[in-house]
Amino acid sequence: MATISLPYDSKGPVALDVPDHRLAWVAQPGHPARPFNSSEEIIRDALAHPIGSPRLRELVGRSQTVAVIVDDVTRPTPVAQLVPHVLQELAEAGVPEKNIRLVVALGTHRVMSPEEIRQRYGALSPGITVVNEDYRNTRSFVTVGTGLQGEPINVLRAVAEADVKVGIGNIVPHLYAGWGGGAKIIQPGVCDEVTTEATHTLGVMNEQVLNLCTNPENIVRHEIEHIAAKVGLDFIVNTVLDEHKEIIRVFAGHFIKAHRAGVEFAEQVYRPTVPELVDIVVTTAYPSQIDYWQGIKGLVHAQYGLKPGGVTVFAMAATEGLAGGNEKHTKTILEWGPQSEEAIRQGITDRKSPDLIAMAFCLSHAQMMSRSTVICYSTGIDSATLAHLGFRPASSLDDALKQAWELTGANAQVGVMTYAGIALRYQGQ
């Protein structure tokens, strides 16, 4: 019997027992060598040798204003480690603190509390203003052009009016944009609901999620890079992390060239190869366990190792429920989540909901529900809600696996993902 520990929430892991003869594989992140011993050295080296761009201190004039755009509490990026180095680059360029704004890229997520800001971004000088704007506050946005689909590009005024824009993020597989990082810090990071709605529906209305995810040249990525160019993203600092949220590499420079170099490296970390497709894949939502809005990533990534029609065992803490503090998204998920892919697609076409961003999420959810039976153990979402959305609820991870055995039979083979951030790759494909 193999006992496997799976990360679950901030309180610790959950354990899973699988008979040896039924365990086909255990997939975990790769561990390429770090170029330096410390994270500080890795960050300094990346900023000293940017890709496709002059050094940041050479891009900025002493009289210019700078927006340093950082991702929010839903992301694992070690921003508190990165920001001081970026600020040092700006100081070396002679930029006064009063010219710097730290802009939180919330997308359509809830605003962060003052305590979350202190914990996430570290001790900031009083001279640096933090911009933490609700995406629903339309007065905070200005239009800077149009996207490839003709939609307006509405971006936070604090970003649009800055002379120089620097984005800090993390490179990891992403459902719509292929990979996180790069231009995503602009769209959806600091754009309004109208602009974000267009890119989210663009992906799922034209491609299956499994074709979008891990493809850095998909239609969504090209759209958001067009938007970032219109906004004027000047420089990025993107991390690639291990499963312990430790920095392996940092990629800095041009928002496309540095990002693609980062993706090439991140493939070694986040795309482990499995030897066969199996009847059952077990995964948790960690490190995206905050809610189902984020946690669905683990559910999608597991499908790359699962036989069509197989069973996904999904452990999701969802400490903030379906969509965190976003009541609008939560309401839409509850209304449209149980419906078929065809019905949701038609609903988006007919604009039957005022929340097309969440409708796009529901379409992704419907694709997962139609592809496999999903047995879900969650301490953050009650069983009735899980069943309403098409999951088979389980009282524990062991109970979930027991239910999976009953569905698949005595000869079913199991694969286990130890980290939801990895998107499996089957060696036969």
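Further up the page is the structure itself.
Note that the structure is a prediction, hence the values are computed from the model and not measured. By convention here, each chain's residues receive numbers from 1 onward along its written sequence. Local features are withheld for residues below a pLDDT of 70 in this predicted model, meaning they are given only at 70 or higher, and side-chain atom pairs are given and counted only at 80 or more; totals for whole chains, interfaces and linings count all residues. Hydrogens and waters are ignored; side-chain quantities use all the structure's heavy atoms.

Caption draft 1: Broad picture of the sheet that holds strand β5 (residues 100-105). When DSSP finds two or more bridges between a pair of strands, those strands are recorded as paired. By the criteria applied, helices consist of DSSP H or I runs no shorter than four residues and strands consist of E runs no shorter than two, each listed in order from the N terminus. Pairing within the open sheet is mixed, and its six strands lie in the order β6-β5-β4-β9-β12-β13. Strand pairing shows two members of the sheet lacking a second neighbour, β6 (129-131) and β13 (247-253), which therefore form its edges. Ignoring strand direction, the axes of neighbouring strands in this sheet form an average angle of 20 degrees. Between two residues, a contact is recorded if the distance between any of their heavy atoms is within 4.5 Å. Helix axes use the C-alpha atoms of the stretch in contact, all axes being lines fitted to C-alpha atoms, and the angles between their N-to-C directions lie in the range 0 to 180 degrees. Sheet contacts for helix α1 (residues 39-48): β12 (233-241) and β13; angle to β13, the most-contacted strand, approximately 20 degrees.

Caption draft 2: Spatial organisation of the packing of helix α10 (residues 292-302) against helix α13 (residues 356-371). Interaxial distance between α10 and α13 falls to 11 Å at its minimum, and their mutual angle equals 30 degrees. Our classification of the angle between α10 and α13 gives roughly parallel. For the pair α10 and α13, the crossing hand works out as left-handed. Touching Y292, W293, I296, L299 and V300 of α10 are I357, A358, F361, S364, H365, M368 and M369, all from α13. Of the residues assigned to the contact of α10 with α13, the class counts are 10 nonpolar, two polar and no charged. Throughout, the term roughly parallel applies to angles under 35 degrees, roughly antiparallel to angles over 145, roughly perpendicular to angles from 65 to 115, and oblique to all others. By definition, any crossing whose near helix is turned counterclockwise from its far helix by less than a right angle is left-handed, and any crossing with a clockwise turn is right-handed. Gly counts as polar in this scheme, as do all residues outside two lists: the nonpolar Ala, Val, Leu, Ile, Met, Phe, Trp, Tyr, Cys and Pro, and the charged Asp, Glu, Lys and Arg.

Caption draft 3: View of α1. Note on exposure labels: buried denotes an accessible area under 20% of the residue type's maximum, exposed denotes more than 50%, and partly exposed covers the range between, all computed with a 1.4 Å probe on protein chains only. Looking at α1, one finds that the buried residues are S39, I42, I43, A46 and L47. Viewed along the axis of α1, the buried residues span an arc of 125 degrees, placing them on a single side of the element. Think of it as the arc spanned by the lines of direction from the helix axis to the C-beta atoms.

Caption draft 4: Summary view of the sheet that holds strand β17 (residues 373-377). Strand order in the open sheet formed by six strands is β3-β19-β15-β16-β17-β18, and the pairing between neighbours is parallel. With one partner strand each, in any of the chains shown, β3 (23-27) and β18 (392-393) form the two edges of the open sheet. Direction of pairing for strand β15 (residues 278-284) relative to strand β16 (residues 306-315): parallel, over a ladder of six bridges. Across the sheet, V278 pairs through a bridge with L306, a residue of β16. Sheet contacts for α10: β15, β16, β17 and β19 (414-417); angle to β16, the most-contacted strand, approximately 140 degrees. Here α13 sits on the sheet in contact with β16 and β17, set at roughly 115 degrees to β16.

Caption draft 5: Local environment of the nonpolar core. Among buried residues, the Ala, Val, Leu, Ile, Met, Phe, Trp, Tyr and Cys ones that are joined through side-chain atoms within 4.5 Å form a nonpolar core. In this structure, I186 and Y292 are the most contacted members of the largest nonpolar core, which totals 122 residues. With 10 residues, the single largest contributor to this core is α13. Contact partners of I186, with chain neighbours within four places excluded, come to I69, V159, C191, I227, A228, V231 and L233. In this structure, V14, V313, A394 and A412 belong to the second largest nonpolar core, which totals 23 residues.

Caption draft 6: Layout of the pairing of β13. Taking burial as the measure, the seven residues of β13 include six buried ones, the bulk of the element. With six bridges joining them, β12 and β13 adopt antiparallel strand pairing. The residue bridging L241 from the neighbouring strand is I247, located in β13. The turn joining β12 and β13, which pair antiparallel and follow one another in sequence, is formed by five residues; a positive phi near 65 degrees is taken by K245.

Caption draft 7: The arrangement of the pairing of β15 in detail. Extensive coverage of β15 is indicated by the burial of seven of its seven residues. Handedness of the crossover joining β15 and β16 through α10: right-handed. Across three bridges, the pairing between β15 and β19 is parallel. Residue pairing across strands places V281 opposite G415, the latter belonging to β19. If you view a crossover with the strands going away from you and the path from the first strand over the helix to the second runs clockwise, you call it right-handed.

Caption draft 8: Summary view of unusual backbone geometry. In this structure, the amide linkage connecting Q187 to the following residue, P188, adopts the cis form with an omega of 15 degrees. Along the polypeptide, P188 turns up in the loop between β11 (178-179) and α6 (193-206). Here the amide bond leading from Y286 into P287 is cis, since omega sits at 15 degrees, within 30 degrees of zero. Unlike most non-glycine residues, T214 shows phi in positive territory, near 70 degrees. Looking at where T214 falls in the secondary structure, it is placed in the loop between α7 (209-212) and α8 (219-231). Under the relative-accessibility criterion, T214 is labelled buried at 11%. Even without being glycine, K245 reaches a positive phi, approximately 65 degrees.

Caption draft 9: Summary view of the pattern of salt bridges. Salt bridge criterion: a side-chain nitrogen from Lys or Arg within 4 Å of a carboxyl oxygen from Asp or Glu. All chains considered together, the criterion is met by 16 salt bridges. Note that R221 is salt-bridged to E225, the shortest N-O span being 3.9 Å. Note that R221 and E225 are positioned in helix α8 at a spacing of four residues, about one turn of the helix. According to the relative accessible area criterion, R221 is buried, its value standing at 0%.

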